[in-house]
Structure formats: structure tokens, C-alpha cells
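Residue-level structural notes
Listed here are the chains, written in short residue letters.
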Amino acid sequence: MDDQLSIFIVSDSLGETARAIAKACIQQFPNHKNWKFKRFSYIDNQDLLDKVFEETKDKTVCLMFSLVDDSLAHYAQVKAEQENLVFVDLLSNVIKAMSDISGMQPLGQPGLLRKLDSHYFERVEAIEFAVKYDDGKDPRGILKADVILLGVSRTSKTPLSMYLADKELKVVNIPIVPEIPLPKELSQISSKKIIGLTNSVERLCQVRKERLKAMGLSSTSHYANKEHIYEEAQYAESVMKKLKCPIINVSDKAIEETATIILDILKTSTL
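Now for a description of the structure that goes with this document. (Residues numbered from 1 in each chain as written. Predicted model: local features only at pLDDT ≥ 70, side-chain atom pairs only at ≥ 80, totals over all residues. Heavy atoms only, no water.)

1. Structural notes on the packing of helix H2 (residues 46–54) against helix H3 (residues 70–82)
Rule in force here: Axis angles are defined between N-to-C directions and span 0 to 180 degrees, where every axis is a line fitted to C-alpha atoms and, for a helix, only to the segment in contact. Only DSSP runs of H or I with at least four residues qualify as helices, and only runs of E with at least two residues qualify as strands; both kinds are numbered from the N terminus onward. The scheme is simple: roughly parallel for angles under 35 degrees, roughly antiparallel for over 145, roughly perpendicular for 65 to 115, oblique for anything else. By convention the crossing between two helices is left-handed if the near helix lies anticlockwise of the far one by an angle smaller than a right angle, and right-handed if it lies clockwise. Every residue pair with non-hydrogen atoms within 4.5 Å of one another is taken to be in contact. Only Asp, Glu, Lys and Arg are considered charged in this grouping, and only Ala, Val, Leu, Ile, Met, Phe, Trp, Tyr, Cys and Pro are considered nonpolar; every other residue, Gly among them, is considered polar.
Look at H2 against H3: their axes get within 11 Å of each other, and the N-to-C directions meet at 30 degrees. With respect to their mutual orientation, H2 and H3 come out roughly parallel. The two elements H2 and H3 meet at a crossing, and its hand is right-handed. Between H2, through Gln46, Leu49, Asp50 and Phe53, and H3, the contact on the second element is made entirely by Leu72, Tyr75, Ala76, Lys79 and Ala80. Here the residues of the contact of H2 with H3 sort into 6 nonpolar, 1 polar and 2 charged.

2. Quick word on the packing of helix H7 (residues 157–165) against helix H10 (residues 255–269)
It is at 10 Å that the axes of H7 and H10 come closest, and there the two elements cross at 60 degrees. Here the hand of the crossing between H7 and H10 comes out right-handed. Between H7 and H10, the residues in contact are Pro159, Leu160, Tyr163 and Leu164 and Ile255, Glu256, Thr258, Ala259, Ile262 and Leu263, respectively.

3. What to know about the nonpolar core
This is how the line gets drawn: Take the buried residues of types Ala, Val, Leu, Ile, Met, Phe, Trp, Tyr and Cys, join any two whose side-chain atoms come within 4.5 Å, and each joined set is a nonpolar core. Relative accessibility under 20% of the residue-type maximum defines a buried residue, over 50% an exposed one, and the middle range a partly exposed one, all with a 1.4 Å probe and only protein chains included.
Formed by 21 residues in total, the largest nonpolar core has its most connected members in Ile142, Ile148, Leu150, Val172, Ile176 and Leu186. Of all elements in the fold, only strand E5 (147–151), strand E6 (171–175), helix H8 (201–214) and helix H9 (226–243) reach the threshold of two or more residues within this core. A per-element tally of this core places H9 first, with 4 residues. Excluding residues that lie within four positions of it along the chain, Ile142 makes contacts with Ile148, Val172, Ile174, Pro183, Glu185, Leu186 and Ile189. The next biggest cluster of nonpolar side chains, apart from the first, holds 16 residues, and it includes Val10, Val52, Val61 and Leu72.

4. Overview of the pattern of salt bridges
Keep this limit in mind: Salt bridge, as used here, is a side-chain nitrogen of Lys or Arg placed within 4 Å of a carboxyl oxygen of Asp or Glu.
Summed over all chains, the structure comprises 12 salt bridges. One salt bridge connects Lys38 with Glu55, and the closest N-O pair in it is separated by 2.6 Å. With Lys38 in strand E2 (residues 35–40) and Glu55 in the loop between H2 and strand E3 (61–66), this residue pair connects regions lying 17 residues apart in the sequence. For Glu55, a relative accessible area of 31% corresponds to the partly exposed category. Close ionic contact of Asp252 with Lys253 constitutes a salt bridge, the shortest N to O distance being 3.4 Å. Three or more residues joined by partner-sharing salt bridges are found here, namely Asp50, Lys57, Lys79 and Glu83.

5. So, the sheet that holds strand E1 (residues 5–11)
Quick note on the threshold: Each pair of strands is called paired provided DSSP finds at least two bridges between the two strands.
Across the sheet, which stays open at both edges, the 4 strands sit in the order E2-E1-E3-E4 with parallel pairing between neighbours. The open sheet terminates on both sides in strands that have one partner only, identified here as E2 and strand E4 (86–89). Strand-to-strand twist of the sheet, defined as the mean angle between neighbouring strand axes without regard to direction, takes the value 15 degrees. For E1 and E3, the ladder comprises 6 bridges, and the chain directions are parallel. Counterpart to Ile7 in the pairing with E3 is Cys62.

6. Details of the environment of His228
Relative to the assigned elements, His228 resides in helix H9. Classification of His228 by relative accessible area gives buried; the value is 12%. A sequence separation of 23 residues divides His228 from Cys205, and the C-alpha atoms of the two residues are 9.7 Å apart. Those residues in contact with His228, other than ones at most four positions away along the chain, are Glu179 and His222.

7. Focus: the sheet that holds strand E7 (residues 194–198)
A sheet is described by the order of its strands in space; here 4 strands give the open sequence E6-E5-E7-E8, paired in parallel fashion. Looking at strand neighbours, the two that pair on one side only are E6 and strand E8 (247–249), the edges of this open sheet. Recorded for the sheet is a direction-independent mean angle of 25 degrees between the axes of neighbouring strands. Where E7 meets E8, 3 bridges bridge the pair, whose relative direction is parallel. If you follow Thr198 over to E8, its bridge partner there is Asn249.

Below, the structure written as C-alpha cells:
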């Protein structure tokens, strides 16, 4: 049997929340790498739901339902049970419990999180900001940013920018390259907004070689040369010390862990 496991996210809206839950859960199974996600958005009637079930044929599937309409959610559960499929209903039990304790009936309208959550639009704006000013594309963004990430190549600047943007922070990331002067805008802002990112020379060498390999380039490139990386790291450290900014070594940290440290630093600096 194929060891690929499929997660079908079935939602009457976008399915972003269900996808986030699924992504978080698979981290608990690090020894299984062959997960496949498929999202079915705006499933708001039985005909569309039946088409989803047709796609489960001959697959090892876990269905994740995010359906606010009680009758449609019930239909999905019954259908899954009839076909002996593994499934989880993410909303029905929670909505019922809230209805029981409040004595009120739910609206049963899909997509309300996106309609009512004003923070959603702030997140979108922050993500667009991070994309626009990624990798030092436009240093003018530094003056508008909530936080600026500095580091040599492969210190997780871009993924950290996107993760923090999801927390509604406007982030600019600037690569430190010895041959290229730093933007003058860095001298015009408080060092409390700047975070320096470092990585071990060994780890940088490894990930850069992997990056070159993925691009079909030689791993002996200057970019992945250990001595060159050491010089880069030394230069970056001197820049960060000159700016008097906090420095985080990301070599043994997950993105979430580094982001939490950054958020704590920013919180402390505003007290």
C-alpha cells in the first residue's frame, strides 16, 4: 500500500482554520513525511460534498470537516461512516456546546470569521507589506516597519517575516552582504526595532549547499564556501553590535520558537 496519507480539508468557507489545525497536528508525527493536503473550499451543498467523497476512492484519507450548517455536517458524518472513512468534525460539537450553555441558536452562516474579524484585514496588510519589502527590495519600508530583521543569507529571514506578519506585524528583512552597504534608513530608526539573526557556520554551509543543489548549481560555489561564510558571519556580527540590536542564533530553533523570542523582545522594548 502507498504510504502517502491524504488530509482532505472540507469547508463551507476557505478552510484556512482547518488547514492551520492540520498543519499543527502533523508536527506530532515527524517520522512520517509523506502527507498530502487537499483543500475543498465553499462546499455548501450535498452534491459538492458527494464529489469530495468520490475523490477518496482508493486513497488513505482523513477527512477534516469545517461545516457550520448542521444538516450538511450531519450528512458528511453519516456518509463518512457509511464508507468507513476516518474523519473529524471540527465545528459541530463546539457549536453545539456553545449553543447549550448560551441557550441561543447559532447563525449557521459560513465565512463569518473572515467577515467579522477585523484582525484578518490587518494580517493581510502585514503579509502584503512583508512580501513587498522582502530581502531588501525597497529600503524605504524600513521607516514604516514594526520590526526589521537583519542577517546573512539562510538565516530564516523570509519565513520569519511571514510568520510575524501573520501576527499583524509589518516586517522588513535586510540581507547582510559584506560587499553591499547597509541601507541608510537603518540609522534613522530605533535599534529597538532591529533584530539580528545569526546561524552557525556549519549549518549555513549545509543549508546553502542544499539550496545550490536544489537550483541545479555546484555546491562548491563561493556562496557555500566555509571560509567565505565565516567571513560573512564575522562581518554580520560586527554590524549588529554596531547597531546595538538584539541578536538571535537560529541554528537550533524552529521558526515558531524564534518568532516567540522576537515578540518577547518587542514587547519588553515597548514597556
